[in-house]
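What follows is the residue order along each chain.
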Amino acid sequence: MAHIHLAWEMGGGMGHAGRLKALARVLLARGHRVSLSLRDLGHTQRVLADLPVPRLQAPVWLHRTEGMPANEASLAEILLAKGYLEVPGLAGLVAGWRALFDALEPDLVVADYAPTALLAARTLHLPTSSVGTGFTSPPADRALPCLRDWEEVGHQRLARAEAHVLNVVNAVLEMHGAPELLHAARLLLGDAPLLCTWPEFDHYGRAAGEAEWLGPVGMPLGGGAPAWPPGSGPRVFAYLKHDYPQHRAVLEALADEGCRVLCYLPEVAAGRPAPVSSARIAYSSQPVALEAALHGAVLCVCHASEATTVQALLCGVPVLMLPMRLEHFLVARRVESWGGGINGARVKPDGDWRGLVRLLLDDERFRSAAAAFAHRRGDRTALERAERVVDAFEDQMRQA
């Protein structure tokens, strides 16, 4: 059977590890060899410890790049800050990936936000594919879209960043006698991009007919059984982080509106004092089994990571989204556009959080939109979606 190498280079969070684990399990069940290169070996240990495959440190950019915009307006600007500003730095990263591939001898390289892995594979003429959310899988063969279309970002700024990335990338490709790239998007997509999301969450607003949507792929990250506060009142599951400035105000609003809140706040689980003391709020000392917590909940409050947001809506639960990163803001804006929840980023810090909670609880349109989504997208399990992605890998290798 084939050897498939799964690579994750950029981006944070556990979604990348969960997605690669789901794909690795299907590949192993079909008799393939699998190896992983990961941006973070330590933080992913809990999720990947039971996966019987080699796990290696991915070659990643470790330095702060001076002179970059404070708010990146495109994936090109993100890449410039991650090793793509100058040829020597990128050449060094490519050399690391080439050495890794020379040692592993994979038949297919699959990238989850791993552009330099794809670049190195191109220099070695290895077949490549990519998996990921819409954010990391931009439209192919055209200029990278603006990620901040609500701001006045000049076309020249976007074009200049993409041209710089392409000049550096093509200089490295020329060193190895590999064909140049015409569009920076291909750097993130590889030979066969696979969109592991749905148009309802697409960061670029692509219509359903513009791409093949395979749906989210990931493994449940496990967790403890939900323990709700006693009494009456609507159940609300909240997954919050202390770094979100309004987390206290949001929790107070939920309690004041009579909700029974089960909150997983990692900093509290680690020993920090609870931000709000209320009989209506139970703080979990460990991650909570998400599907079990959402069963019977009427609202989910989270920071708009695609994994949590998708799971809530698949359970027919509307979402109050409190994005902390650009990627999550774009998800929240997209979900709000079709009625699955409210994007809290458009609420002023001293805004009426209690009124927002009441609107989500009382307005039937949010529950109806979430239920309609669950009916529309709930026909396949996460395992079935992962099987479809692996089918595509195998088709690509047969045609190679």
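Above this text you will find the structure in question.
Anyway, here's the lowdown on the structure attached to this text. Predicted, not measured: the structure shown is a model, and the values here were computed from it.

## Overview of the sheet that holds strand 2 (residues 33–38)
Move 1: Taken in spatial order, the six strands of this open sheet run 3-2-1-4-5-6, and their pairing is parallel. Among the strands making up the open sheet, the edge pair consists of strand 3 (55–57) and strand 6 (192–195). Sheet twist, expressed as the average angle between the axes of neighbouring strands with direction ignored, equals 20°.
Move 2: Across four bridges, the pairing between strand 5 (residues 128–132) and strand 6 is parallel.

## Observations regarding the layout of surface pockets
Move 1: Quantified by volume, the second largest pocket comes out at close to 390 Å³.
Move 2: What lines the second largest pocket is a set of 15 residues, among which Gly11, Ile78, Lys82, Tyr113 and Arg325 lie closest to the centre.
Move 3: Sorting the residues of the lining of the second largest pocket by element identifies helix 3 (75–84) and helix 12 (326–337) as the ones contributing at least two each.
Move 4: Taken together, the residues that form the lining of the second largest pocket break down as seven nonpolar, two polar and six charged.

## Brief notes about helix 14 (residues 364–377)
Move 1: In this model helix 14 runs 20 Å from its N-terminal to its C-terminal C-alpha over 14 residues, within 8% of the 20 Å that 1.5 Å per residue would give.
Move 2: Here helix 14 has its buried residues at Phe366, Ala369, Ala370, Phe373, Ala374 and Arg377. Down the axis of helix 14, the buried side of the element spans an arc of 135°, and every buried residue falls inside it. Exposed residues on helix 14 whose side chains face more than 90 degrees from its buried face are Arg365 and His375.

## As for the environment of Pro127
Move 1: Here Pro127 shows up in the loop between helix 5 (115–123) and strand 5.
Move 2: Its relative accessible area of 24% is what places Pro127 among the partly exposed residues.
Move 3: Separated by 65 residues in the primary sequence, Pro127 and Ala192 have C-alpha atoms spaced 8.7 Å apart.
Move 4: Not counting residues within four places of it along the chain, the set of residues in contact with Pro127 comprises Asp107, Leu108, Val109, Asp191 and Gln396.

Rules used throughout
- Residues numbered from 1 in each chain as written.
- Predicted model: local features only at pLDDT ≥ 70, side-chain atom pairs only at ≥ 80, totals over all residues.
- Heavy atoms only, no water.
- Pairing = 2+ DSSP bridges.
- Helix = DSSP H or I, 4+ residues; strand = E, 2+ residues; numbered from the N terminus.
- Axes fitted to C-alpha atoms, helices over the stretch in contact; angles between N-to-C directions.
- 1 Å grid on protein atoms, 1.4 Å probe; cavity = no way out; pocket = protein on both sides within 12 Å on 5 of 7 lines; lining within 4 Å.
- Points joined across faces, edges and corners; volume = space filled by probe spheres on them.
- Nonpolar A, V, L, I, M, F, W, Y, C, P; charged D, E, K, R; others polar.
- Expected span 1.5 Å × (residues − 1).
- Buried < 20%, exposed > 50% of the residue type's maximum accessible area, 1.4 Å probe, protein only.
- Arc of directions from axis to C-beta.
- Contact = heavy atoms within 4.5 Å.

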